[in-house]
Every structure is written in structure tokens, then in C-alpha cells.
Amino acid sequence: MSTPWSRRSFLQFSGSAALFAGGSAMLPSTSAFAAGDEYDTLRAKWRTVLLGSGFDPAAAPFAEKLALLGTQAAEHRSTMAAAGGSLWPDLPLTLSSSITASYTRLATMAQAYAQPGTGLTGEATLAAETKAGLDHLHDQVYNPAKSQFGNWWDFQIGSPQALLDSCTILYDQLSAGQLANHLAAVDRFVPDSSVGNYTGTSTGANRVDLCRSLALRGVLGKNPAKIALARDALSPVFPFVTSGDGFYADGSFVQHTYLPYTGSYGLVLLGGLAGLFSLLAGSTWAVTDPNRQIILDSVQGSFAPFLYNGLMMDAVSGRSTSRGNPRTNSYGFQGGDHGRGHATLAAIALLGTAASSPENQRWRALVKGSMQRDYYSPVLTDTDLSVAALARLKAVQDDGAVTPAAEPTGHRLFPSMDRAVHRRPGWAASISMASKRMGLYETGNGENLRGWHTGAGMLQWWGATHGNGQYTDAFWPTVDPYRLPGITVSKKPLADAEGGAWGLPRPDVNWVGGATDGEYAAIGQYVRGLSSTLYAKKSWFCLADSVVCLAGSIRGADGTAVETVVENRNLGAAGTHALTVNGVPRSTALGWSATLTGANWAQIAGHGGYVFPGGATVKALREARTGSWRDINTGGTSDPITRRYLTLWFDHGVDPVDAACSYILMPGATTAATAARAAATGWLTVLANDNSRQGIVVPSLGVTAVNFWFAGTVGALTADKPACVLVREHGDGTATLCVSDPMRMQTGLTVTWHRPVAAVLSKPGTVTSAATGSALTLAFGDLTGQAGATQRIRVALG
């Protein structure tokens, strides 16, 4: 039976996202091909990009990868049986996904023929069988007389990329007629008009993919117009956008108009541009558009913030989180956050070959540091990476001139995609939100069927030396989708793919965003439930060693319970991590549950601590959950997987009215540290937690922060319209006020800090006036065009 083929799984199976990772020093120079023409030079460069060079095929990790490649190719050739309507019995060509899958298998066979150490290297019969397979697909479904059906992506991106890669590798084996046939098929399904307008399916990562097909078609067919068209058609991808697909000035990357997609489509775009920049560098068709610098800057502005210990955070990876790990043998698809992270590192390493020397050295340091820290899934053991990717990454690892970069600390807010990343020494966290601008989740192609609540304030976190497999280790198929960590949620049952495929359900709210000084942050989300009546106000105050979490004005009328999930920790297949509450160890038996009344604090051994200011009633559950990747992705395996979870949550009851709760998350905290924070009752004061305002004061950090859902006064802060305000006193006689308009609707906003201020030291142009004295009053002009960005004001205290 055919298995649905994911349009992005193809990039992993074929190695496309990572195949671009041939080494810069390993690419042939133009002079090396003086006997040929410029097209031959480019073709040879791309062949090296696909296959790599400069590596020892008998050494690790290459010997193992090459052997796996040979085994995979041998399996494909042994099961290939050309017949009417198929090339492999399990891939009927009536499905567009099967066409892509068939071309991908042939590309694997071509690689096994061309690579050393596969056991099939240079085998003439394998080359002949691969060419015969290409001809069969041409005659059956991929020729100028045929029409596109099914998923457009298969005909315009998936299939032509695998086909053109095979033609590049087997170029000297193909007859002129065979090559002409294959190029004519590409012309049929990827015409010049596919990049005629920057709209629809021809934007962002898709546009880069289309340009790759056009460029390779031009190189193989020695057609200068095609190459020039591909180069020029990249230009609309480069500039910042203010809506829709692409990169935003704040570092956000959006695809499908309403989805944060840095770690999936953004990765494809980065890898594609890295390959094309490198391919065309130094040629007649070099990419010289000055806006290409925006792409180079995106490495540290858009991608690096979401990389942690070699993984790429789920918060910006969309439906790819449901692809997980459906491998059934040693060369199957790994995927997951670490797989996406590894492919990102490979793409960054290649992009450096088309960048300035300082940029390249900085990025190599980033890559090397990430590789060294990925203890959970060592990068060079990732069999999804191509040989070329492994060669490039190993070259970085072995380069003694490169000093590995440490994980950065600080806070990055991405208001244009409703995401935030908080990085501290020893841990990092991400917050996923949704609004009119960004969807709650995406489902499509049978993927991510139960991702309903990921945009409802999911709070994920990782430790420097623990928890790096928290979401990698079968989390998504086994976690309770109604109890994702950090969310406030109605337990109303939802259907798979609730909201509709590609529906991108977006809550009808504007107030989502926050303010940051680059180290700490105040973040808020007006939460509305998917297909439910859930209503809540959520705030996260991201501080030095913790995140203070508030949920207020919690309401529902669905006849079901409403919960705020403090934590839902994946303990692995056999974890028995101790739970300590108020100093008392609780049961480690599976199935244990309890209502913890008067809970001041809790700590999960090996993970972190949780403080409940003033005491609270919290529920706890230790359970084993069984699921399969097929449950959340029709292309996944149906093999059952069981993982253990330890869950803490507030039960607000059925149809609550104005319920509220608060807690402090302390990643990595010991029982002693957690108990000490709970005992320090003056460390935190919750100023407000209701439908109008949520705010806190932490005197030891000099922090006062308030999310004004409506105008009013909270503590020492007043706002005459909805706003987010973060004040930080630095202990040196100065303070920084950070103000934002998350609604992006305010004009004439006035914020007052009731504190003596001697002088305003610096302010943005949006401040139209500032009065000091016994209080500081700031008048802001039109903030509607600021895209929710933070306005920072530095002052000298009186």
C-alpha cells in the first residue's frame, strides 16, 4: 500500500535540505574546468554539492553513511518493477506523492552509483537501471503531454528536484535524447510563468525551490535565459515584508501567510539559497542583488535564536513536528527538532561560502558550538544528513582555527509571528501564541491532526545538560494534546484537523505580544479557544532564573472543564523522576494522581521547580501514554509508542467564571532552590491578575511589569490605553522603560511611571513628549506602524 508522501519529508529523505552541504574548499574552481564551458563548470559544482568531496570514505561517519546508502539503493533496485501505472508496486503513479517518492528512490540509486564505499560504486548495471527508471517515469507520468494532478508541489518542486539531481549525477551516462526528454518535462511543469508573479504558491521557500529547478534545468540544458530567470526570480524573496510570506524586520519568518515557519519552510529557503548562492558565485549569473544581505543577516537574526544545543525549536516548525521519527530501519527519516537543527547547521555552513570572511567565521563558530553541545543526538551520527552535509560539518568540527561559540543569553521577541524566546545561562524557553495575525496551528496533507492548542500559549523549555530530548522522544504522538505545557484550555473534545486543512484557524484577538529590554520581557496573550468558548488573559514575565506565569479572567461555557497546565514533562520510556511537593516526596507509581492542596512549591527531579505564590490547589498525575505517529500524521507509522508523563495543572472546573492562577517556572532548579524561592514571599508581588490588567513587581531585580489589557493604573504604572510596559531599574541610578502596543492600534498612547525621574537620557522617535519630576509621563505618537515593536526609554532616576 502506498504511504502518503510529505512534501517536506522528501527534503529529508533525499537529503535536499542538507545535500547543499558540500564544502567550500571542496568545490572545484572555474579554472579546473578550462577544457569545458561555464555550464560544465556549474554542473560539476552542483555535482560536488550533491555528493561532497574531500572526505575519507573509510572513516567515520562516512563509512557508515555510505554503507547505509548502498543498502538503501540495493533495496530500491531489488523491488523496482516497471509496470503500467507504477515503477514500484507500493507507489502507484495515480498519486502525485508517489511520483516524487519514485524519483527520490532513483536519486538514491544514482548517489549509490556515484559515491565511493557503497558496495555499488560504479556498477554499470545500477546506472542502467536508474536511467531506465527515469525513462519509465517520463513515459508514464512526467512528460510534456501529461497534466498536473494531486499536489502541485510534487510536480513543480519535489519531482523535478530529484530528477534534476539524478541527471546531474548521471549526466555522462545519459544520451542526448534522454536528457532532452527530462528537461522538456521540467519545462512543462516548471515553466517560466511559475515565477512570473510573487504570489500564491510562488513565494518564500516555494519560490526558492522553483528557482532551484529553473537554475538546474538551465545548467543541464546550457540555457542562459533559464539561469538568469532563476537568479532574478530570487530577488522578491530578499526584502523584508510587513505581511504575508517572508522575513520581517524583527526576525520573524512566515509562510502560508499566517504561520511561523522558520524551522521548516525557513530552513528550506535558507538551504535553497545557500545552494544557489554557492552554485552561481563567480559565474556570469552570480547573485548580486544587494538585498541578499538580508538573507545573510537572517542566520543570526532569524535562525540562531531558535537553535539550542543543536535542535530547532518546535515553536517555529509548524506541522513538521508531527513527522517525528517514523523510521523503520537505520536509514529511515529521523526528523524531530534535532533533525531540523542539524539540517539548519548544514545550511548555515554552506551559506558561509557565499558570505564575507567575518560572517563565515562567525557562523562556523556558531555551528561548531551547536555540534559540541548536542549530546542527545550527536550531529555526525544523524543518518538523514547526506554525505556532503556530513563532510562540511565534520570539516567545521575538525577546524582548530574555529573556537566554538557559546549559547547566547537574552530575550528575543518576534511580534510579527507571535513568538518569544527566552535564553538564560543553563536553559532556554519558547512561547507560542496566536492572534488575528497568526494561526493557532496548521494541518494539511494529513499532518499535525491534533496540534490544535500549540498556539494557545505553549511554553517549552530545555536545559543545557538535561531535557534536550523532551520533545524529540516521541512527545508529539504520546502527549495529551489537551495538556500541552503552559496552555489554558477547554477540555471540549475536538475532531482531528479541527478548523480544516490549511484553514489556519486564527482567534479573533489583537492583544498578543510584549515588550523586552533584550534580557527580560513582559509578554501577554488574549486567549480564545479553538471551536470553544474559552476566554482567558495570559501573561509571562521572563526574568533572570525563571518565568512568572499568570492566567486570569478564565471563562468557558462548553459544559467541559477548563485547565491551566503548569507542566507536562516527558519522562521517557521508563522514567521515575521524583516529584517533591512542599518538601514531601510523592509516589513514583504509574497511575498515581493527587489533588495537592496548599501547594507552595513542587520540584521534578532532574528537570526543574515550580512555585505557587501564596499557595494553591494543584492537580498531579503520573501516567504512561501510548500513541503512534499515525495518530497525528497519516504518513507516519502505526507502531505503538509508550512514554511516561508527569503532569501538573490547575483545574478551574466546568464552565468557570473569572478564574485565575499564578506560578513561577524555574528550569533546572533543585529542591533547595525551589523551596528557598517559595519561602522568599517578598521576592514577587502580583499586582493584578484579572480581565483588565496583569502585573508584577520583583524588587530584587528592579522589575515592574504590567500588561494593560485596558487603560488604568497598576502599582506605579498608568497607561491611558492598552499597552505592555516593562520597567527595569539597573541599580546605578538609571532605569529603562520598555513600552509596546501589542494591538498595533494605538495613537496618542500616554504612559506614566509614578517615580521621581531627573532626566530622559534616550528615547525613540515615537515619544512625542516626556515630562520628568515627581513622575515620568511619556506621550507616544502613532504606534500602529511599529508592528508591536518595543519602544525603549532610558532615564536617570531622581
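Report follows, based on the coordinates. Here the structure is a predicted model, which means the values were calculated and not measured. (Residues numbered from 1 in each chain as written. Predicted model: local features only at pLDDT ≥ 70, side-chain atom pairs only at ≥ 80, totals over all residues. Heavy atoms only, no water.)

### Side note on the overall build of the protein chain
Thinking step 1. Secondary structure assignment for the protein chain yields 18 helices and 33 strands.
Thinking step 2. For 798 residues, the compact-globule estimate of 2.2 N^0.38 gives 28 Å, and the C-alpha radius of gyration of the protein chain, at 27 Å, lies within 12% of that figure.
Thinking step 3. Taking all 798 residues of the protein chain together, 63% fall into the buried category.
Thinking step 4. Taking the intrachain contacts of the protein chain between residues at least 6 apart in sequence as the baseline, contacts between residues at least 24 apart amount to 70%.
Thinking step 5. Accessible surface computed for the protein chain: about 24,900 Å², of which carbon and sulfur atoms make up 52%.
Thinking step 6. Computed over 60 positive and 57 negative side-chain charges, the inter-centroid distance for the protein chain is 3 Å. (Helix = DSSP H or I, 4+ residues; strand = E, 2+ residues; numbered from the N terminus. Rg over C-alpha atoms; globule rule 2.2 N^0.38 Å. Buried < 20%, exposed > 50% of the residue type's maximum accessible area, 1.4 Å probe, protein only. Contact = heavy atoms within 4.5 Å. Areas by Shrake-Rupley, 256 points an atom, 1.4 Å probe, with all protein chains shown as cover. Lys, Arg positive; Asp, Glu negative; His and termini not counted. Charge placed at Lys NZ, Arg CZ, Asp CG, Glu CD.)

### Quick look at the environment of H466
Thinking step 1. The topology assignment puts H466 in the loop between β9 (458–463) and α16 (475–478).
Thinking step 2. The class for H466 is buried, based on a relative accessible area of 18%.
Thinking step 3. Taking C-alpha positions, H466 is 9.0 Å from W427, a pair spaced 39 residues apart along the chain.
Thinking step 4. Apart from the residues within four sequence positions on either side, H466 is in contact with Y375, W461, G606, H607 and G668.

### Notes on the packing of aromatic side chains
Given two aromatic rings, one states the distance between the centres and the angle between the planes to describe the pair.
Thinking step 1. Scanning all chains against the criterion turns up 21 aromatic pairs.
Thinking step 2. Taking the centre distance of 5.1 Å and the plane angle of 85° together, the rings of F475 and W476 count as edge-to-face.
Thinking step 3. What makes F475 buried here is its relative accessible area of 0%.
Thinking step 4. On the basis of an interplanar angle of 85° and a centroid distance of 5.9 Å, the ring pair of F612 and F650 is categorised as edge-to-face. Here F650 lies in strand β20 (residues 641–654) and F612 lies in strand β19 (residues 608–627), a separation of 38 residues in the sequence. The same class applies to F612 as to F650, namely buried.
Thinking step 5. Cation over ring: R43 sits above Y171, and NZ or CZ is 3.6 Å from the ring centre.
Thinking step 6. Its end group placed over the ring of W88, R105 keeps NZ or CZ at 5.3 Å from the ring centre. (Phe/Tyr/Trp six-rings, centres within 6.5 Å; stacked < 30°, edge-to-face > 60°. Lys NZ or Arg CZ within 6 Å of the ring centre and 35° of its normal.)

### Focus on the sheet that holds strand β6 (residues 410–414)
Thinking step 1. Spatial strand order, β6-β7-β8-β9: four strands in an open sheet with antiparallel pairing. Either end of the sheet is taken by a strand with one partner, and the two such strands are β6 and β9. Put simply, the sheet's adjacent strands are angled 10° from each other on average, direction ignored.
Thinking step 2. In terms of strand pairing, strand β8 (residues 427–432) meets β9 through six bridges, oriented antiparallel. When the sheet's bridge partners are listed, A429 is paired in β9 with W461. (Pairing = 2+ DSSP bridges. Axes fitted to C-alpha atoms, helices over the stretch in contact; angles between N-to-C directions.)

### A look at the sheet that holds strand β24 (residues 703–708)
Whether parallel or antiparallel, the strands of a sheet pair through hydrogen bonds between backbone atoms.
Thinking step 1. Taking strand neighbours across the sheet as the criterion, the seven strands line up as β22-β23-β24-β27-β28-β33-β30 in an open arrangement whose pairing is antiparallel. Edge positions in the open sheet fall to β22 (685–689) and β30 (757–762), since each of these has one partner strand only. Across the sheet, the mean angle from the axis of one strand to that of its neighbour is 15°, orientation sign disregarded.
Thinking step 2. Summarising the sheet, strand β23 (residues 693–698) and β24 pair through six bridges and their orientation is antiparallel. In the sheet register, Q694 faces β24, and the bridge partner there is N707.

### Comments concerning the nonpolar core
Thinking step 1. L269, L273 and L393 are the most contacted members of the largest nonpolar core, which has 150 residues in total.
Thinking step 2. Looking at which element gives the most residues to this core, the answer is helix α11 (residues 265–280), with eleven residues.
Thinking step 3. Here L269 is in contact with G204, A205, V208, V237, F247, F253 and I295, once residues within four sequence places are set aside.
Thinking step 4. Formed by 71 residues, the second largest nonpolar core is a distinct cluster that contains A429, C549, L571 and V581. (Core = buried A, V, L, I, M, F, W, Y, C linked by side-chain atoms within 4.5 Å.)

### Some details on helix α14 (residues 357–373)
Thinking step 1. In this model, α14 (17 residues) spans 24 Å end to end at C-alpha, consistent with the 24 Å of a helix rising 1.5 Å per residue.
Thinking step 2. Within the sequence span of α14, burial applies to E359, N360, W363, R364, A365, L366, V367, K368, G369, S370 and M371.
Thinking step 3. Those residues of α14 that are buried lie in contact with α12 (292–303), β4 (307–308), α13 (336–351) and α15 (387–398). (Expected span 1.5 Å × (residues − 1).)

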